[in-house]
Amino acid sequence: MSARERILGRVRRALADVPRDDTPYERAVVRDYLREHGERTVEQTVDLLAENLADYRAVVHRTDFDELPYLVMRLLAERGSQYVLVPPGLPPEWMSAADPTRIHDRAVSTPQELDRVESVVTGCAVAIAETGTIVLDGSPDQGRRRITLVPDHHICVVRVPEQVVSSVPQALERLDPARPLTWISGPSATSDIELDRVEGVHGPRTLEVVLLPS
Amino acid sequence: MSGTFVGMPAFPEAAREAVRDATLRGNLRHATHTIRAKRAKAVAEVPDWDRLREAGKRIKDHTLLHLDRYLEQLEASVTAAGGTVHWAADAEEANRIVAGLVKATGESEVVKVKSMATQEIGLNEALEAEGIRAYETDLAELIVQLGKDRPSHILVPAIHRNRGEIRDIFRREMGAWGRPAPDGLTDTPAELAEAARLHLREKFLRAKVGISGANFMVAETGTLVVVESEGNGRMCLTLPETLISVVGIEKIVPTWRDLEVFLQTLPRSSTAERMNPYTSMWTGTTDGDGPRAFHLVLLDNGRTDTLADEVGRQALRCIRCSACLNVCPVYERAGGHAYGSVYPGPIGAILSPQLRGTGSEIDASLPYASSLCGACYEVCPVAIDIPEVLVHLRERVVEGGQVTSRGDKVVLKPAKGHAAERAAMRAARWAFSHPGALRTGQRLASRTRRLHPRTLPGPGRAWSGTRDLPEVPAEPFRDWWRRTDGGKDGVK
Amino acid sequence: MRVALFLTCVNDTLYPDTGRAVVKLLTRLGVEVDFPMAQTCCGQAHYNTGYRHEAEPLARHFSDVFGEYDAIVTPSGSCGAMVRELYPRMGERARAEGRGDTLAATLAPVVPRTYELTEFLVDVLEVTDVGAYYPHRVTYHPTCHGLRSLRLGERPLRLLRAVEGLELAELPGADECCGFGGTFALKNADVSAAMGADKVRNAESTGAEVLCAADNSCLMHIGGTMARLRTGMRPVHIAEILASTKEDPAV
């Protein structure tokens, strides 16, 4: 007998005493929890996102479309970044003022090469105000998962308010599970030393989130 | 389970040492009290916590009661998305599958995301025996691995170590495993985290095979979810060419939407954060992004035996948040090692004797490693009534009865070593069923009270070694009641 | 209303003062209380140690003895929780074992009629000022079963705050278990003692003369630890504080 048959057989025998229950799944679980917490205007939701991002040590910037290239230039300059990674579908205007050498994602073939790049600039798929989370889904303006992981400095542009949702349930509704997803809430951190939170381990140690009104 | 736990003494003996270790007591007290207050605050932010908890419980219960269907659905979804599904009935089978998959890549080292399932099956030791070196990349797991130590907490396996001890381990051991600790390393957590970053980076960058567990598997979509903080998970899940995930069969949720419950309750319960820094979700393989080969090893290893127990099966709802450890007064004083399992604390006390059976000394003693104070049940985000299961397992130990072991129904004999207690319980039951006998006993105690010693011999020393005995009164209440007609005649 | 005192086997044998205090207090509040002489033990120690089948005859006996009363009042949070929370579970387990509904039906009447003392005072009698006088500094330990099974909440504190002369000191780490836990105190004596010592240290830090609780089992453990550590603090059951008056003060 294969392990598969053995395990499924054990499961069925284990449940032999359970009365058959054909309640459809939708009715078996009562979902009377909230879809979002609190009532807010669109602006307040964006403010809450900014507040919660900052609470977990992301650096939050607000700018407009015209100023964005200069902000990106300044943020890269402040880091002294020589090389910056750019996903294939990043709007070229965002980088139009930046000095550092642009490295296109596909040009970086090995993790070691990626490790020599200092910064990365991406968009995002959705941002969650209540938890201070940005979610990347590998769309062309975000690129492969590794490019936002190995460089130590990540600049992520969130289009507000249309990319901002209030809550985790609302975020899941917008996301496609078939895509590889990365949920990011602040720079990498650990609680492994005395259960005290410190920021900065393997992921980017600096996360800058730019809120860009459309 | 891991060979490192074989031959553990029973819980009370193991705990005795920990109770006397002042450093350990201090480390545990500091860490658990820090997180306790934070968790309470994070949970209080969510007004519908009780409803989320109830929904989480129901999702898990529903899944468990239809587990065969969801396992088959998950297998189909993962396969359709480009993954390969393997089934492992026990630890040995799982280890054999993983070792075979690693060997097939031609690699002799792997990087690992912290995973309870691979700890449980002793995967690192099994790989070592096959000439494959497994590098733990979670900071706490790294501390445990470098220190040749055992994990003592579900979330923070090195919780028993303070910053000074961690610095010493890094200075002493890192060099033998790769990049040595930086010169002049101090004990500030930020510097220690930086040392781990430098040490592990070269391993991440060259890794060809990653091994993980998963927090959740979504049956309808085939999506796996790993919840983490440091980014080591992302490294292991995205940089290698081959990814092998070993996941317990109880980690399934039916639908994508179910994640909306657990992604709210898990981070707040475990690290007391609104959201943990990184959550990775992947469905099979994606062209050009991440591993080209994905293997999912579905692990039973005692889970179906646990499922067969009507009361005990609720332990399979566990999402490994470790909130129950952090509030447990017994864990705080006994430490995680005393539980003789990778699953310490209250959840371990009900999980280990079910996954492994109550045959060994340690497993038979775990159901008693609790004062039944109920703090664990109160914080559990999936409402596992741990005290209920503890009492149920005590019954299994003292009374024996029918249980399921490796899929077969067997009848357990009552455990040895409880004969005197059983006789005492029967005698007490008899006396309590005969009020006259109880009264006679009480009077005897009262009349001889001047003769009672202040300390007790034999097993009674367990009480009188640290606590004075109560004085037996001159007369029991019932005699006073009778004598004074319920106090009506005013006699005191 | 026919009210029965379920004193518990521990109080009957070792703490008759608590029983006398309950009688005095309830009588003062105009409640005539009966003490059915056939009462013995609720079966808690048996049940919690794994001897559920030995506990069943005791539960049936409890139901026989107290079934006729409108209210069953007990000065013990853990024994109250045994009846209220675990008797229904015993019935369910018997049913699951194919023994029908008999046990559940036998136990059902006593479950909703069983009250822990402070619940009875606040919820049924609807009093919080019981006219007590107790001129001491007191700290209150909410025992685990009272706190988490019966959810006594603020009830004991409301009663204590209304006591004339009583100065209430907040106990740090109040909701942490004292380490008694029935047979746990013997089976895991080292951990139990460590928990007890921490509880006593917290109690001492309040500067109170008295630590009070609504359960003598926990007080036996805490008091035994206090005596051994020579703290000079005393454990007192809340009933004895509430029964104390200027005319007839508790010692």
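Asks: Whenever I open this one, the packing of helix α11 (residues 189–205) of chain C against helix α12 (residues 216–228) of chain C confuses me. Can you help?
Replies: What describes two packed helices is the angle between their axes and the distance between those same axes. All names here are of chain C. Running from N to C, α11 and α12 cross one another at 75 degrees; their axes reach a closest spacing of 9 Å. In terms of orientation, α11 lies roughly perpendicular with respect to α12. Residues Gly196, Ala197, Lys199 and Val200 of α11 pack against His221, Ile222, Thr225 and Met226 of α12. When the residues that make up the contact of α11 with α12 are grouped by side-chain class, the tally is four nonpolar, three polar and one charged.

Asks: What should I look at first to understand the sheet that holds strand β5 (residues 137–140) of chain C in this one?
Replies: Residues and elements named next belong to chain C. Pairing in this open sheet of four strands is parallel, and the strands run β6-β5-β7-β8 from one edge to the other. If you trace the sheet from one side to the other, it starts and ends with β6 (167–169) and β8 (234–237), each paired once. The mean inter-strand angle of the sheet, taken between neighbouring strand axes irrespective of direction, is 35 degrees. Where β5 lies against β6, three bridges are found, and the strand directions are parallel. Looking at the pairing, Arg137 lines up with Glu167 of β6.

Asks: Explain unusual backbone geometry here, please?
Replies: A negative phi angle characterises most non-glycine residues, just as the trans form characterises most peptide bonds. Of note, the bond from Val160 of chain A into Pro161 of chain A is cis; its omega dihedral lies within 30 degrees of zero at 0 degrees. By secondary structure assignment, the location of Pro161 of chain A is in the loop between β7 (153–160) and β8 (164–165). One non-glycine residue with positive phi stands out, namely Glu126 of chain C, at about 55 degrees. Structurally, the position occupied by Glu126 of chain C is in the loop between α7 (117–124) and β5. Classification of Glu126 of chain C as exposed rests on a count of 7 C-beta atoms within 10 Å.

Asks: In this structure, what is going on with helix α1 (residues 3–14) of chain A? I would like to understand it.
Replies: Look at α1 of chain A: 16 Å from first C-alpha to last across twelve residues, which is about the 16 Å you get at 1.5 Å a residue. Buried within α1 of chain A we find Ile7, Leu8, Arg10, Val11 and Ala14 of chain A. Seen end-on, α1 of chain A carries its buried residues on one side only, within an arc spanning 155 degrees. Facing away from the buried side of α1 of chain A by more than 90 degrees, the exposed set consists of Glu5 and Arg12 of chain A. Those residues of α1 of chain A that are buried lie in contact with α4 (67–80), β1 (84–88), α13 (303–307) and β11 (401–405) of chain B.

Asks: Would you take a moment to explain the domain arrangement of chain C for this structure?
Replies: Where the parts come together, the accessible area they lose is often given as the size of the interface. All names here are of chain C. Split into domains, chain C comes out as domain 1 (3–124) and domain 2 (137–243). The C-alpha centroid of domain 2 is placed 22 Å from the C-alpha centroid of domain 1. Each side of the interface is counted separately: domain 1 has 26 residues, and domain 2 has 22 residues. Of all the elements in the fold, those that place two or more residues in the side of domain 1 that touches domain 2 are α1 (9–14), α2 (16–28), α3 (44–49), α5 (77–96) and α7. Class assignment for the residues of the side of domain 1 that touches domain 2 results in eleven nonpolar, nine polar and six charged.

Asks: What should I look at first to understand the interface of chain B and chain C in this one?
Replies: Facing 51 residues of chain B, the contacting portion of chain C comprises 55 residues. Of all the elements in the fold, those that place two or more residues in the side of chain B that touches chain C are α1 (11–20), α15 (329–334), α19 (386–399), α20 (419–433), α21 (435–447), α22 (461–464) and α23 (477–484) of chain B. For the side of chain B that touches chain C, the element with the most residues is α19 of chain B, which contributes six residues. Partitioned by chemical class, the residues of the side of chain B that touches chain C number 29 nonpolar, nine polar and 13 charged.

Asks: Please clarify how the pairing of strand β6 (residues 133–136) of chain A should be interpreted in this entry.
Replies: A regular strand places its side chains so that they alternate between the two faces of the sheet. Residues and elements named next belong to chain A. The side-chain alternation of β6 yields two buried faces, one formed by Thr133 and Val135 and the other by Ile134 and Leu136. With three bridges connecting them, strand β5 (residues 126–128) and β6 associate as antiparallel partners. Bridged to Val126 within β6 is Val135. Following β5, the chain reverses through four residues before pairing antiparallel with β6; Gly132 in that reversal takes a positive phi of roughly 65 degrees. Pairing of β6 with strand β9 (residues 181–184) involves three bridges; the strand directions are antiparallel. Its bridge partner being in β9, Ile134 is matched across the sheet by Ile184.

Asks: Help me out: how do you make sense of the packing of α20 of chain B against helix α4 (residues 52–66) of chain C in this one?
Replies: Put simply, α20 of chain B and α4 of chain C touch, their axes get as near as 9 Å, and they point 15 degrees apart. Accordingly, the angle class assigned to the pair α20 of chain B and α4 of chain C is roughly parallel. Every pair of crossing elements has a handedness; the one defined by α20 of chain B and α4 of chain C is left-handed. Listed contacts from α4 of chain C to Met425, Arg426, Arg429, Phe432 and Ser433 of chain B of α20 of chain B are Glu54, Pro57, Leu58 and His61 of chain C.

Asks: When you look at the environment of Val191 of chain C in this model, what are you seeing that I'm missing?
Replies: Looking at the element boundaries, Val191 of chain C is found in helix α11. Since 29 C-beta atoms lie within 10 Å of it, Val191 of chain C is described here as buried. The sequence separation of Val191 of chain C and Arg137 of chain C amounts to 54 residues, and the corresponding C-alpha distance is 29 Å. The contacts of Val191 of chain C, once residues within four sequence positions are left out, are Ala15, Val19, Val330, Arg333 and Ala334 of chain B.

Asks: So what exactly am I meant to see when it comes to α2 of chain C here?
Replies: An α-helical segment advances 3.6 residues per turn. Residues three or four places apart therefore align on the same side. Residues and elements named next belong to chain C. A rise of 1.5 Å per residue sets the reference length of α2, with its 13 residues, at 18 Å; its end C-alpha atoms lie 18 Å apart and thus fit the reference within 8%. Most of α2 sits out of view: eleven of its 13 residues are buried. Buried within α2 we find Pro16, Asp17, Thr18, Gly19, Arg20, Ala21, Val22, Val23, Lys24, Leu25 and Leu26. Backbone geometry just after α2 places Gly30 at a positive phi near 85 degrees.

Asks: Please clarify how the sheet that holds strand β1 (residues 59–62) of chain A should be interpreted in this entry.
Replies: Strands in a sheet are paired, the pairing made by backbone hydrogen bonds, and the direction either parallel or antiparallel. Residues and elements named next belong to chain A. Spatially, β1-β12-β7-β4-β2-β3 is the arrangement adopted by the six strands of the open sheet, whose pairing is parallel. Two strands bound the open sheet, and with one partner strand each, they are β1 and β3 (101–104). Averaged over all neighbouring strand pairs, the angle between strand axes comes to 25 degrees, with direction disregarded.

Asks: Explain the interface of chain B and chain A here, please?
Replies: Tallying the contact residues gives 78 residues for chain B and 62 residues for chain A. Broken down by element, the side of chain B that touches chain A gets its largest block of residues, eight residues, from helix α10 (residues 189–206) of chain B. Of the residues belonging to the side of chain B that touches chain A, the class tally is 41 nonpolar, 22 polar and 15 charged.

Criteria and cut-off values
- Residue positions are given per chain, counting from 1 as you read along its sequence in written order.
- Chain A is the first chain written and ligand 1 is the first ligand written, with later ones labelled in order.
- The predicted origin of the model limits local features to residues at a pLDDT of at least 70 and limits the giving and counting of side-chain atom pairs to 80 or more, whereas totals for whole chains, interfaces and linings rest on all residues.
- An axis is simply a line fitted to the C-alpha atoms; with a helix, the fit covers only the stretch in contact. Between two such axes, the angle follows the N-to-C directions and lies from 0 to 180 degrees.
- Each helix is a run of H or I in the DSSP string that is no shorter than four residues. Each strand is a run of E no shorter than two, and both are numbered from the N terminus.
- Roughly parallel covers angles under 35 degrees, roughly antiparallel covers those over 145, roughly perpendicular covers 65 to 115, and oblique covers all other angles.
- Note that contacts rest on C-beta atoms placed from the backbone: two residues are in contact if these are within 7 Å.
- By the convention adopted, Pro, Cys, Tyr, Trp, Phe, Met, Ile, Leu, Val and Ala count as nonpolar, Lys, Arg, Asp and Glu as charged, and the other residues, Gly among them, as polar.
- Two strands pair if DSSP finds at least two bridges between them.
- Residues with at least 20 other C-beta atoms within 10 Å of their own are called buried, those with 12 or fewer are called exposed, and the rest are partly exposed. The C-beta atoms themselves are positioned from the backbone.
- The span you would expect from a helix comes to 1.5 Å times its residue count less one.
- Comment: arc refers to directions from the helix axis out to C-beta atoms.
- Each domain span listed reflects an automatic or database assignment of domains.
- By convention the crossing between two helices is left-handed if the near helix lies anticlockwise of the far one by an angle smaller than a right angle, and right-handed if it lies clockwise.

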